Structures are given as structure tokens and as C-alpha cells.
Amino acid sequence: MRMIPAGKVHEHSMPHDPAPDSSLSLLREGYSFLPRRFERYQSDIFGARLLGRQAICMRGADAGHLFYDTTRFERSGAVPGFVLKTVFGEGGVQGLDDAAHRHRKAMFMAVMTPESIDDLVARTTSLWRAALPKWESRGRMVLFDEAAQVLCQAGCDWAGVALPAGDRRRRAEDLIAAVDGFGALGWRHWRGRLGRRRSEAWLEDVVADVRAGRLETPDDRALHIVAFHRDHDGELLSERTAAVELLNMVRPFVAVSWFIAFMALAMHDHPGWKARLRTGDDADADMFVHEVRRFYPFAPMLGARVREDFDWNGHHFQRGTLVILDVFGTHRDGRMWPSPGEFVPDRFRDRDPEGFDFIPQGGGDPDLGHRCAGEHLTIATMRKIARILSAEMTYQVPDQDLRLSLRRMPAKPPSGIELEHVRQTRPAM
């Protein structure tokens, strides 16, 4: 009898990509890799070999609901090393499970209170408005780059981490590089690793200074909370792990730069929505923000591992198998999203953005599961910046390359969204 190795997909139970290993195809095709194969096999589930491992790839709301069942899936060992070494960091909350994860996640949720979110949005707003005169004096500015610096400064101030003005650009560039490097080979990937290493080393020193009493920080700031957090075993986090988790609070906020660039692109391509945001209410702003998060490609997919053998919808999931949930493909599935390739914010007028068919920052309960702790912060920040871009600034968008390549992960306009003739149209309130 032929033995089936641990993690082996039962090839006859579902379509299977015939390639010996599809990893290079994934990097070449980017966001299109999974949707193309779902269409090719006329199935919402298929097997493939990725990163030298057998994997099951899924899409859709039912698949999302299954994926976030922590009794069936675990994150430990699921995230590939090239993602840990760029985006998440080794030892971070994204790779924990069960009691260890719940305890560490509670630390994040303690920081993400409504008052704390309001504070960070206010800091961001103040810094953005303060930057407007500088942008006005320039002939041209790159929105993505400038947004990253504003968000980096605001995030560090909010966390209690001192960031001298002269360091803002390089720290922002390192954090952006860490996010930008996860889906690439070559220089972009290695630049991301270098950016994470430098960022971790910087914050490791900061944590050490706080613990030694050489640096004071308010006890309600993320820096203090992380530096003195005791894990589920009662021990302080190592200085390196504390630095990783502090980055996991600040780095995702800096990554909102992608969404800000996407919002500006949406306003350029759909000027009627820019006018509507200028005069509309919070409901219009929320619909716009949700549609930007659905329509534009950012997080391509998510990964987990099967805990124990089980069957679902006629398919067998064997212990140790890597399972991939297609985020981009779920958001572009025409069965759930009419005209998915069109930008239609009004689709969210009567739609629950908490369902498993809409997972730009994960699904399930953020307090207990692996949904992003900062999702509400992302939404609040996007809502505010959308208001400023539409109502407090005028600018022109010169000719430039605004195409989004689905082969690039994460997707980004090559120009970074260049603006010229920036003017502040309303005094700061």
C-alpha cells in the first residue's frame, strides 16, 4: 500500500495543479495566479504544490468561514519565511495559536481603544495639514511617499516612540520596504528584509532603554504596554520580540499609504465620487472606503495549516497541509459581487462589511482570532484622509503611469501618484 506523506492532498478529491511546484508561477502571475486556476478548474478549491509543500487553495465566503475556524486551522508554521522576514517579523502574534495567541492579541486590542484610535487619527490629521504649506511650495509631490512619512511620524508619536524629524524619511522608507518586499524576488525582497532588520534593531534599543529607565514613556502608550507585557507564561517578551510587536502596531499604519494612494486614484478615475465626498455624509465616506479596500489589490492571500484531519464539502483536509485563502479572488467573485471589476461604492449601502465575503484585513472576531487588530483604525484614517483630499485640498494630476499591475504584489502605481499645484482650500479646523 502506498503511504500518503503528512500534508499530502488527496489528488482525486479535488482539481490539482499539475506543476511540480507553482511557486515561481505565483510570483510571476501575482494576484491573478489563484483566480486563473479557479476558473480553469471551474472549482472554488484546488490543490497545488507551493514553496515545496502540498497546499489547498480556496476562495469565497464559505471558505473564509472555514479558514477562520481555529479548531481546524493553526497559524504556527504556516507563514513562509520570506513573509516573516519582511512583513510580520519572527515571533510575532501572526504566528501564534490558542492561549498564546489570545493572550498576545489582547495586548494589541488593549491599545486599539476608540479613544486611542481617535487620538491617532487626530495626530495624522494635524501632521497632514501641517505638511500642506510645504507641498504647496513644491512644483510636484509624490502622494505615496509623503503619506508614508506623515503616517510614520503620527504612528510613532502615538506609540510613544520618539522620531526626530530628520529620521522620518528613512524610518518610513524602511517600513514601506518591509511591506513592499513580501511578494518579490531580488532586490525589492532583500531591501524589505534590510528595512525590517534596521527597524527591529532600532526599536529593540528603544525597548531596552524603556526597561532600564533611561527613557520614560506614558504607561498608556503602545511602547510602554509592549515593553512591559508579560506573555501567557508570565515572562516579559524578549527585547527582539517586543520590537517585532511594536513594529506590528506601527508598520500596518504606515502601510495605509497604499490605501491613500488608491483613494486618490479612485477620485481621479471617478471624479463624481470626489465631489460626492466633498459634500456627502459619513455614510458616503464609509462606502467609498470599503469599496477602495475591496476593489484595489493589496493583500493577495492568507495562509494557515490544518490541525487535524477533517472533511469539508466532500474534500479531505489532512493534518499539516498548507491552506491558502484567496483574498483578491474572493473580492472579485461575480457570484458575490455584481460587476466586480467596476468601482461601485454604493454596493455597500445595505451590505455588511463584516462578512466572510469581505476580508481585506482578515475575517472573524478581531478580539479572539487573526483578523487585523487595527482594521477600525485603518477605516477611520482612510475616512479622514478621503475628506481632506476631497474638501481641504485642490491639486492636479499630471500625466503619469497610473496603471496597476496585478503581477506586482503588493500592487502600486509606478508613479506613486504624483500631484502638482497642491493648495489648501480650507483653513484647519
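Residues numbered from 1 in each chain as written. Predicted model: local features only at pLDDT ≥ 70, side-chain atom pairs only at ≥ 80, totals over all residues. Heavy atoms only, no water.

**Looking at the overall build of the protein chain**
Then comes step 1: The secondary structure content of the protein chain amounts to 16 helices and 10 strands.
Then comes step 2: Computed over the C-alpha atoms, the radius of gyration of the protein chain is 22 Å, within 12% of the 22 Å expected from 2.2 N^0.38 for a compact globule of 429 residues.
Then comes step 3: Each principal axis of the C-alpha atoms in the protein chain carries an extent, and together these give about 75 × 55 × 40 Å.
Then comes step 4: Sorting the 429 residues of the protein chain into buried and exposed places 56% on the buried side.
Then comes step 5: Partitioning the contacts of the protein chain with sequence separation of at least 6, the portion at a separation of at least 24 is 72%.
Then comes step 6: Taken as a whole, the protein chain presents about 18100 Å² of accessible surface, with 51% of it coming from carbon and sulfur.
Then comes step 7: With 59 positive and 60 negative side-chain charges, the protein chain shows a spacing of 5 Å between the two charge centroids. (Helix = DSSP H or I, 4+ residues; strand = E, 2+ residues; numbered from the N terminus. Rg over C-alpha atoms; globule rule 2.2 N^0.38 Å. Buried < 20%, exposed > 50% of the residue type's maximum accessible area, 1.4 Å probe, protein only. Contact = heavy atoms within 4.5 Å. Areas by Shrake-Rupley, 256 points an atom, 1.4 Å probe, with all protein chains shown as cover. Lys, Arg positive; Asp, Glu negative; His and termini not counted. Charge placed at Lys NZ, Arg CZ, Asp CG, Glu CD.)

**Observations regarding the environment of Ala 304**
Then comes step 1: For Ala 304, the position within the fold is in strand β5 (residues 301-306).
Then comes step 2: Ala 304 sits in the buried class, given a relative accessible area of 0%.
Then comes step 3: Taking the C-alpha atoms as reference, Ala 304 lies 7.6 Å from Phe 67; in sequence the two are 237 residues apart.
Then comes step 4: Each residue touching Ala 304, except ones within four places of it in the same chain, is listed here: Phe 67, Phe 73, Glu 74, Arg 75, Ala 78, Thr 321, Leu 322 and Val 323.

**As for helix α8 (residues 168-180)**
Then comes step 1: Taking 1.5 Å as the rise per residue, α8 with 13 residues should run 18 Å; its terminal C-alpha atoms sit 18 Å apart, in good agreement.
Then comes step 2: When you tally the buried positions in α8, you get 10 out of 13 residues, the bulk of the element.
Then comes step 3: Residues Arg 168, Arg 171, Ala 172, Asp 174, Leu 175, Ile 176, Ala 177, Ala 178, Val 179 and Asp 180 constitute the buried set of α8.
Then comes step 4: Looking at the buried positions of α8, the neighbouring elements they touch are α4 (81-88), α6 (114-137), α7 (143-159), α9 (187-211), α11 (239-254) and α12 (256-269). (Expected span 1.5 Å × (residues − 1).)

**What about the sheet that holds strand β4 (residues 140-142)?**
Then comes step 1: In spatial order, the strands read β4-β10-β9; together these three strands make up an open sheet with antiparallel pairing. One side of each edge strand has no neighbouring strand; the edge strands of this open sheet are β4 and β9 (393-396). The sheet shows a mean angle of 50° between the axes of neighbouring strands, direction not considered.
Then comes step 2: Pairing between β9 and strand β10 (residues 418-424): three bridges, direction antiparallel. Counted as the bridge partner of Gln 396 is Glu 420 from β10.
Then comes step 3: Helix-sheet contacts for α6 involve β4, β9 and β10, and the interaxial angle to β10 is about 110°. (Pairing = 2+ DSSP bridges. Axes fitted to C-alpha atoms, helices over the stretch in contact; angles between N-to-C directions.)

**A short note on unusual backbone geometry**
Then comes step 1: In this model, Met 409 is joined to Pro 410 through a cis peptide bond whose omega is -5°.
Then comes step 2: Although it is not a glycine, Gln 42 adopts a positive phi angle of roughly 50°.
Then comes step 3: Looking at where Gln 42 falls in the secondary structure, it is placed in the loop between α2 (33-41) and β1 (45-50).
Then comes step 4: Classification of Gln 42 by relative accessible area gives exposed; the value is 64%.
Then comes step 5: At Asp 98, a residue that is not glycine, the phi angle is positive and equals roughly 55°.
Then comes step 6: Mapped onto the elements, Asp 98 comes out in helix α5 (residues 98-111).

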